[in-house]
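A structural walkthrough
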Amino acid sequence: MSALIRISFVLALVLLFAVTSVFGQEVGRIEGTVVAAKDGKPLAYANVLLVGTGMGTFAKQNGTFTLENVPAGTYTVKVMMMGYAAQTRENVVVKPGETTRLRFELKETVVMEVPVVEVEAERPMVDTERTQTKRTIDTKEVAVRSINTVEDAIATQAGVVLEQGEIHIRGGRSGEVKQFVDGIQISDPFVGANSMELSLASLSEIEVLSGGFDAEYGNVQSGVINLKTREGGTRYSGLVKYMTDDYGAPDKTYFNYDDLAIGFGGPLITTNLRFFASGEVMFTDTYLKTLEPRQQKELWGFIKFRERQSNSYSGQCKVTYFFTPTKKLSLEYLTSGEKFDFYHHAFSRVGYWSEAHRHWWFEPLDSTYSLYIAPAHTPDITNEHNSVKLVWRHTISPSAFYTMRLGRYVALHKEVVLGKKPYEYVTPNFNDRVDPENRYYVVQGDYPIWQRYHTTMYTGKGDMTITKGTTHQIKFGAESHAYRLEMMDLRYPSLDNPLGVFTDIYKFHCWDLSAFIQDRIRFEGMNLRVGLRFDLFDPGKDAVEAYNRFVVSTGFKPKPASFFKRIEWQISPRFGVSYPISERDALYFNYGRFYQIPRLEVLYQFLGRTEQGLLPFGNPLMDAETTIMYEVGIQHQFTPTIVGDIALFYKDIFGLTGTEAADLTEDSDFIQTYGPTATPVVFVNLDYGSVRGIEFKLSKRFSHHFQGSLTYTFSKATGSSSNELQGANVVSGAMDRAPITELPLDWDRNHVISANLYISEPGLWGCNIDWSYSSGAPYTPMLPREREVRASLINSRRLPSRSTVNVKADKRYKIAGQEVSLFLEGRNILNRKNIATLDPGDWPGGDGNYAAYYTREGRFGGAYDLGELLGLTEVIYIPLNDPRVYSPPRNFRVGISFDW
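A brief report on the enclosed structure follows. In this text the structure is predicted, and so the values were computed from the model without any measurement.

1. Here's the deal with the overall build of the chain
- Helix and strand content of the chain: eleven helices and 47 strands.
- Taken over the C-alpha trace, the chain has a radius of gyration of 30 Å; the compact-globule value for 900 residues is 29 Å, and the two agree within 12%.
- Split into buried and exposed, the 900 residues of the chain put 55% on the buried side.
- Here the analysis covers contacts within the chain between residues at least 6 apart in sequence; of these, 70% occur between residues at least 24 apart.
- Across the chain, the centroid of the 95 positively charged side chains sits 5 Å from that of the 104 negatively charged ones.

Below is the structure:
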């Protein structure tokens, strides 16, 4: 890290602490009414206490009361009045930035008798102060459903499309979604979409913001996912959950799946010091099981096991110390990781290859044949994420509150075949690598990628909230990140050329700084939120100088590398308003301009190597991507247990990452090196798009033995390109030209429905049904032997719709005073063959026809053209039956769980 970056980062942190600025919206509000139970008469001057915090207030003449700046959490509220029985309400949940409403009806009593009435609190179904679309997912509620990951939970929300494992919110690209844990980002800034995978056992709540982000949220365009981790209480509590699809024999399993989650927390020595720790491990061979042999391992000398195709873990440990009810310090460590090898159809066969005969067969035909286990020659992929954060929270007074956080996040990604060093790889050329009898299946050599990248992100963040009377709640703060990026990406490495032919090796540093101010203003009959945000990003002097070396070689004029010339900054306004029509109805509107720096990979790609190539080059001087969003919505409570809301939105998106050819001069070094036909490609702000849609949600709280929800989204997501490499495809000849109008994006599913119904006899049994449906995704038709995509046909047709039904049933028992649940979970119980992707790709194999096969034959799974192989004009498709095109089939799991 350069001296300038270190000094700037330290100064930013000093500034944060000097002004006691804090991050994250960690304060809420409690409003309520105190009346006499007999006649509903307001009880003025009733004493309202937040038990155990020292916070409290008195009811006004009309019986109403307000507690401002209450730290987010769960509390007990107690109301006392001379001549009336005191009443307490437990489990009152205060959420960041929200108002919790209560009503107390006190009964008259003899003054000397003060019995206490305890009532469980529930969150109001309509938040009349809400100016944005916010979906809150309680992990206890999803526990009864066939939802086992954060991704599963998010995918059930309106406006969300899960496409090939990537989350798209309101039509945005997957990298436009950021995940946070208690205000600290856990999304990898290098690749954008890769986030730490946390167990549901470690979370108490998931919050999905899909529109109208307040000014405190920056460098994000489409969605914010806030994960709130569990915290130890004053009493010990915990959970254990085990689930499997293994029914006692190797042939009696679906995907050889096992999942174990454990959590435990409570006081540590004193009730002021608390902890919560949790962990989860999951092992499976997946529904795309490979034939790669896996050796048996031994643990502690007596436990024997084999690694499976996919192995993952996550863990959390949080220690909290309450100095006083208004001062809290917490330290938390989070970790997650996975190691897996993926199924590749071109590498799926196990057999024997003879170089002498240029022939592959299932068994050796003579001594020249040698065993080739193709699945073993795909890379083992390892992803590791670690985060540690320190949080200080302090309520200075009933009208002022602040928090400070420091965090460190580390991500590591590796792709290596059989643990080899680059010089140990065998990477023959294409004709030698594939079977000459079909030119699709690989018959020798390794998957030609050796990759390792390492991201480190340091965070200093803070905000402060000040309440002025009952009208203003002002919040301001600042945040800074310092990034360290290390990349080593080798393509086609070998003994003769260990660095391969497309070498990407670099180490760069960059940093950013942001500040915001916002105000929540309460008027009679209206609530207003206004905010302003400032963001600054410095890509680093070393990266700009490396970029200049590249542009000089192409004939461009170099850009200044001085600080004020290379930084990128923006100012973005935010505005929202809500109109409470009644306690059951509210209307809201918001507008915002949102900026996001492109993922760091596209800023630095290939800038660190000495030998240039023809792949897209990074551009550290790219501008921020921009989204302008408008939204209007309404909430309505139909009955005490049924509520609905509807939202209409429009997004105008421009400056997205794309690629285009560099404009060369005839005497450029690049032309001299690669010849007159060479055309390098550069990442630029080129792509654009728009999204419009409507979301509807209807939900019912548990009553009369059932609860349920229904969400429906209609949207149209269009743009100039779904793939940021589209410009590179035009340059290479894979596409005839760039589109001149907006086209449906790859994840544009116009109709998306999610519904669930849960029926239960509390304490005895429960049964839940989940149904999801989405209309077909677009695809580009291709003609047989067509090598060039025609821009006029991009995403002009639609694939079939997809639909899934999942069920979960449980039976509960009391054992030693604790409730134990035995459950059965069925996924895709109708065994529908949903399409995961039309074309999963065949590189570095070859000559697989997926889109053309479906366009001509109406069949999925790909095929190779035997007629072309034989030199015939007739097209003869031989099916490949690639299983990757389908989503998982029907499977059942059983399990046991208990909480205490």
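Now that the structure is up, let's keep going.
2. Comments concerning the sheet that holds strand β9 (residues 133–138)
- If you trace the five strands from one edge of the open sheet to the other, you get β9-β14-β15-β12-β13, paired in mixed fashion. Each edge of the open sheet is held by one strand with a lone partner, namely β9 and β13 (184–185).
- Looking at chain direction, strand β12 (residues 177–181) and β13 are connected through two bridges and run antiparallel. Bridging from a neighbouring strand, Phe-180 pairs with Gln-185 of β13.

3. Side note on the packing of aromatic side chains
- On inspection of all chains with the given rule, the structure shows 34 aromatic pairs.
- The interplanar angle of 45° and the centroid separation of 6.4 Å between the aromatic rings of Phe-65 and Phe-104 together place this pair among those described as tilted. With Phe-65 in strand β4 (residues 64–71) and Phe-104 in strand β7 (residues 99–106), this pair connects stretches of sequence that are 39 residues apart.
- By relative accessible area, Phe-65 is classed as buried at 1%.

4. Observations concerning the environment of Thr-780
- By the element assignment, Thr-780 lies in the loop between β41 (778–779) and β42 (797–798).
- Considering only alpha carbons, one finds Thr-780 and Pro-493, 287 residues apart in sequence, at a separation of 34 Å.
- With residues near it in sequence (within four places) discarded, Thr-780 still touches Val-789, Leu-793, Ile-794, Asn-795 and Ala-851.
- A distance of 2.9 Å separates the side chain of Thr-780 from the backbone nitrogen of Asn-795, its partner in a polar contact.

5. Notes on the side chain of Glu-31
- Turning to its location among the elements, Glu-31 is positioned in strand β1 (residues 27–36).
- When its relative accessible area of 18% is taken as the criterion, Glu-31 is described as buried.
- Each residue touching Glu-31, except ones within four places of it in the same chain, is listed here: Phe-65, Thr-66, Thr-99, Thr-100, Arg-101, Leu-102 and Glu-129.

6. Digging into the sheet that holds strand β23 (residues 350–354)
- With respect to topology, three strands assemble into an open sheet ordered β24-β23-β25, the strand pairing being antiparallel. Two strands in the sheet have a free side with no partner beyond their single neighbour: β24 (359–361) and β25 (369–373). Pairwise comparison of adjacent strand axes, ignoring direction, gives a mean angle of 35° for this sheet.
- Note that β23 and β25 share five bridges and pair antiparallel.

7. Let's talk about the pairing of strand β16 (residues 237–246)
- Where β16 and strand β17 (residues 253–268) come together, nine bridges link them in antiparallel fashion. Across the sheet, Gly-238 pairs through a bridge with Phe-264, a residue of β17.
- Here β16 folds back onto β17 in antiparallel fashion, the turn holding six residues, of which Gly-248 has a positive phi close to 100°.
- Pairing analysis gives six bridges linking β16 to strand β47 (residues 891–899), with the strands arranged antiparallel.

8. With respect to the environment of Asn-891
- Along the polypeptide, Asn-891 turns up in strand β47.
- Owing to a relative accessible area of 2%, Asn-891 belongs among the buried residues under this scheme.
- A C-alpha to C-alpha distance of 49 Å links Asn-891 and Leu-621, two positions 270 residues apart in sequence.
- Among the polar contacts made by the side chain of Asn-891, one reaches the main-chain carbonyl oxygen of Pro-889 at a distance of 3.0 Å.

9. What to know about the nonpolar core
- Membership of the largest hydrophobic core comes to 52 residues, with the highest contact counts inside it found for Ile-154, Leu-198, Ile-206, Leu-227, Leu-600, Leu-603 and Tyr-604.
- The leading source of residues in this core is helix α5 (residues 541–553), at four residues.
- If near-sequence neighbours (up to four positions away) are discounted, Leu-198 is found in contact with Val-150, Val-181, Ile-186, Leu-203, Leu-227, Ser-314 and Leu-334.

10. Side note on the environment of Pro-889
- Mapped onto the secondary structure, Pro-889 falls in the loop between β46 (877–879) and β47.
- Pro-889 sits in the partly exposed class, given a relative accessible area of 33%.
- On a C-alpha basis, the gap between Pro-889 and Arg-832 in space is 7.0 Å, while along the polypeptide they are 57 residues apart.
- Not counting residues up to four positions away in its chain, the partners in contact with Pro-889 are Phe-255, Tyr-287, Arg-827, Asn-828 and Asn-831.

11. Regarding the pattern of salt bridges
- Inspection of every chain in the model, using the stated rule, returns 53 salt bridges.
- Within this structure, Arg-29, Glu-31, Glu-68, Arg-101, Glu-129, Arg-520 and Arg-522 form a network of salt bridges that share partners.

12. Some remarks on the pairing of β23
- Here β23 runs beside β24; their pairing, made up of three bridges, is antiparallel. Residue pairing for β24: Trp-353 is matched across the bridge by Trp-360.

13. Quick look at a nonpolar patch on the surface
- A cluster of nonpolar residues, Val-530, Phe-575, Tyr-579, Ile-581, Leu-587, Phe-589, Tyr-630, Val-632, Ile-634, Leu-648 and Tyr-650, forms a patch on the protein surface that exposes about 870 Å² of accessible area.
- Among the secondary structure elements, those contributing two or more residues to the nonpolar patch are β32 (568–582), β33 (585–596), β34 (625–639) and β35 (642–661).
- Looking at the element boundaries, Ile-634 is found in strand β34.
- Since its relative accessible area comes to 33%, Ile-634 is described here as partly exposed.

Analysis parameters
Residues numbered from 1 in each chain as written. Predicted model: local features only at pLDDT ≥ 70, side-chain atom pairs only at ≥ 80, totals over all residues. Heavy atoms only, no water. Helix = DSSP H or I, 4+ residues; strand = E, 2+ residues; numbered from the N terminus. Rg over C-alpha atoms; globule rule 2.2 N^0.38 Å. Buried < 20%, exposed > 50% of the residue type's maximum accessible area, 1.4 Å probe, protein only. Contact = heavy atoms within 4.5 Å. Lys, Arg positive; Asp, Glu negative; His and termini not counted. Charge placed at Lys NZ, Arg CZ, Asp CG, Glu CD. Pairing = 2+ DSSP bridges. Phe/Tyr/Trp six-rings, centres within 6.5 Å; stacked < 30°, edge-to-face > 60°. Polar contact = N/O pair within 3.5 Å; in protein donor to acceptor, adjacent residues only side chain to side chain. Axes fitted to C-alpha atoms, helices over the stretch in contact; angles between N-to-C directions. Core = buried A, V, L, I, M, F, W, Y, C linked by side-chain atoms within 4.5 Å. Salt bridge = Lys/Arg side-chain N within 4 Å of Asp/Glu carboxyl O. Patch = residues over 30% accessible without salt bridge, like charges linked within 9 Å, V, L, I, M, F, W, Y side chains within 5 Å. Areas by Shrake-Rupley, 256 points an atom, 1.4 Å probe, with all protein chains shown as cover.

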